[in-house]
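# Residue-level structure breakdown
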Amino acid sequence: MTAIRSPLLRFILIRLAYTVAVLLGVIVAVFFLIQIVPGDPVRIALGTRYTPESYAALRSASGLDQPLPNQLVAYVGNAFTGDLGVSFRNSEPVTTMLFDRLPATITLALAAIVVALLIAIPLGSWAALREGRLADNVIRVISQFGISVPDFWMGILLIGLFSTALGWLPSAGYQPFADGPLGWFEHLVLPAVTVGVVTGAIMTRYVRSSVLEVVNTPFVTTAESKGLSRKKIMLDHVGRNALVPVLTISGIQLAGLLGGVIVVEVVFAWPGLGLLVYDSVAARDYPVLQGAILLIAVIFLFVNLVVDILYAVIDPRIRLS
């Protein structure tokens, strides 16, 4: 009972219960969204292999011959146990297919968010500390340009320059780290920079606004009047207070990247969740599409839960709200 009285633990339990409830709603929503997609997925999956017997067998194996309420109950129960069915295209378990693709997506997402933070934090902070000056205006123009550039166009330009023209880096593909760190890094650079530059441009504006808001608060003015150095003020006062909004956008961007950057993965033939979703839509492989959408939703919920917990750790006022 003493532990439950802890504001932080109570905050985590409430957020966890909320996450489970939302996940249940997402599972139900995904089930019904796939149901209203036009076309018979079993007939499409069989293609030229269609016979009345094979059609009936695949419908039975997929549970599609059952009444809709029974299908929903079975799908929800199976989803919570990790059973997402089998692919119509190759009869492989959907869960296996998803987790085979997940390492490539995690690698790209983490590398891209590191690139984005390396761009956004220094540029956004520099612009905020020089509000209205030339440096601020230049950084704002550059960030706006980065936001406006389509990521697939950025990827094609980088391929044309660093792969086709200079021959420094491979244009596509993925190599696991275990197969060689150098090859892994070479294949990662172009897609990570493509996604990281665009994401960094978005985050630069949030960092600038967050730092600017904190810099103009009375306690920073008081610290300056006491003669504290700018470095100490930035580290001890501005940095911590500006961290929460930056953490928000970082979590959202990371969740989006983990969900699969479909266009970039297609451009670079990157074998992640985004490319899997693209292939599943093209093949009308509905079980894989359902599973991928559900996994992306779980990733979003998990990242949001982690961000909420970090909020409470950074700012004790949040856990009491």
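Residues numbered from 1 in each chain as written. Predicted model: local features only at pLDDT ≥ 70, side-chain atom pairs only at ≥ 80, totals over all residues. Heavy atoms only, no water.

## With respect to the overall build of the chain
Threshold: Strands are runs of DSSP state E lasting at least two residues, helices are runs of H or I lasting at least four, and both sets are numbered from the N terminus onward. Remark: exposure states derive from per-residue accessible area (1.4 Å probe, protein chains only) relative to the maximum for the residue type, with buried under 20%, exposed over 50%, and partly exposed in between. Note on contacts: a residue pair is in contact if any heavy atoms of the two residues lie within 4.5 Å. Reported accessibility uses the Shrake-Rupley method at a 1.4 Å probe radius. Residues are deemed covered only where the shown protein chains occlude them.
Secondary structure summary: the chain contains 14 helices and 0 strands in total. The helix and strand sequence of the chain, counted from the amino end, reads α-α-α-α-α-α-α-α-α-α-α-α-α-α. Expressed as a percentage of the 321 residues in the chain, the buried residues total 40%. Residue pairs at least 24 apart in sequence account for 73% of intrachain contacts in the chain once pairs closer than 6 positions are excluded. As displayed, the chain has an accessible area near 17000 Å², and 69% of this comes from carbon and sulfur atoms.

## Considering the packing of aromatic side chains
Operational definition: Between 30 and 60 degrees the pair is tilted, below 30 it is stacked and above 60 it is edge-to-face, where a pair is any two Phe, Tyr or Trp rings, Trp via its six-membered ring, whose centres lie within 6.5 Å.
In total, this model carries 4 aromatic pairs according to the counting rule given. Each ring, one from Phe31 and one from Phe32, has its centre 5.3 Å from the other, and the planes form 85°; the classification is edge-to-face. A residue is classified by how much of its surface remains accessible, and Phe31, at 3% relative accessible area, is buried. The exposure class of Phe32 is partly exposed, given its relative accessible area of 35%. Consider the rings of Tyr174 and Trp270, whose centres lie 4.8 Å apart with planes at 70°: the pair is edge-to-face. Taken together, the residues span a long stretch of sequence, with Tyr174 in the loop between helix 7 (151-165) and helix 8 (181-215) and Trp270 in the loop between helix 11 (262-267) and helix 12 (273-283) at a distance of 96 residues.

## A few points about the UniProt feature "transmembrane region" (unreviewed entry) in the chain
Selection criterion: UniProt positions are given in the numbering used here, feature names are shortened, and annotations may be inferred rather than shown by experiment.
As annotated in UniProt, the feature "transmembrane region" (unreviewed entry) corresponds to residues 12-37, 106-129, 141-168, 188-207, 242-268 and 288-314 in the numbering used here. As annotated, residues 106-129 comprises 100% helix and 0% strand, and the C-alpha atoms at either end are separated by 34 Å. Secondary structure content for residues 141-168 is 82% helix and 0% strand, and the end C-alpha separation is 30 Å.

## A word on the packing of helix 5 (residues 94-129) against helix 12
Keep this limit in mind: Orientation is described by lines fitted to C-alpha atoms, with helices fitted over the stretch in contact, and by angles between N-to-C directions that extend from 0 to 180 degrees. For classification, angles of less than 35 degrees are called roughly parallel, those exceeding 145 degrees roughly antiparallel, those between 65 and 115 degrees roughly perpendicular, and all remaining angles oblique. Classification convention: Asp, Glu, Lys, Arg as charged; Ala, Val, Leu, Ile, Met, Phe, Trp, Tyr, Cys, Pro as nonpolar; all other residues, Gly among them, as polar.
At a closest axis distance of 8 Å, the pairing of helix 5 and helix 12 adopts a crossing angle of 135°. Here helix 5 is positioned oblique relative to helix 12, judged by the angle of their axes. Contact residues: helix 5 offers Met97, Leu98, Arg101, Leu102 and Thr105, while helix 12 offers Leu273, Leu275, Leu276 and Asp279. Taken together, the residues of the contact of helix 5 with helix 12 sort by class into 6 nonpolar, 1 polar and 2 charged.

## Some thoughts on the pattern of salt bridges
Heads up, the condition is: What counts as a salt bridge is simple: a side-chain nitrogen of Lys or Arg found within 4 Å of a carboxyl oxygen of Asp or Glu.
Considering all chains together, one arrives at 2 salt bridges under this definition. Linking Asp136 and Arg208 is a salt bridge whose minimum nitrogen-to-oxygen distance equals 2.8 Å. Note that Asp136 is positioned in helix 6 (residues 134-148) and Arg208 in helix 8, a separation of 72 residues in sequence. Arg208 carries the same exposure label as Asp136, and that label is buried.

## Regarding the environment of Val28
Mapped onto the elements of the fold, Val28 is located in helix 1 (residues 7-35). Separated by 47 residues in sequence, Val28 and Tyr75 place their C-alpha atoms 8.6 Å apart. Not counting residues within four places of it along the chain, the set of residues in contact with Val28 comprises Leu72 and Val76.

## A short note on helix 4 (residues 68-80)
Applied cut-off: Expected helix span is taken as 1.5 Å per residue step, with the number of steps being one fewer than the number of residues.
Here helix 4 contains 13 residues, and its C-alpha end-to-end distance of 19 Å stays within 8% of the 18 Å for a straight helix at 1.5 Å per residue. Taken from the residues just after helix 4, Gly82 is the one with a positive phi, measuring 90°.

## Considering the nonpolar core
Here is the rule: In these notes, a set of buried Ala, Val, Leu, Ile, Met, Phe, Trp, Tyr and Cys residues joined through side-chain atoms within 4.5 Å is what counts as a nonpolar core.
By size, the foremost hydrophobic cluster in this structure holds 57 residues, and its most contacted members are Ile27, Leu98, Leu257, Leu294 and Ile299. Looking at this core, the elements that each hand over two or more residues are helix 1, helix 4, helix 5, helix 7, helix 8, helix 10 (230-258), helix 12 and helix 13 (286-314). In terms of residue count, helix 13 provides more of this core than any other element does, 12 residues in total. Beyond its immediate chain neighbours, meaning those up to four positions away, Leu98 contacts Leu84, Leu273, Leu276, Gly291, Ala292 and Leu295. In this structure, Ala104, Leu188, Ala192 and Trp270 belong to the second largest nonpolar core, which totals 6 residues.

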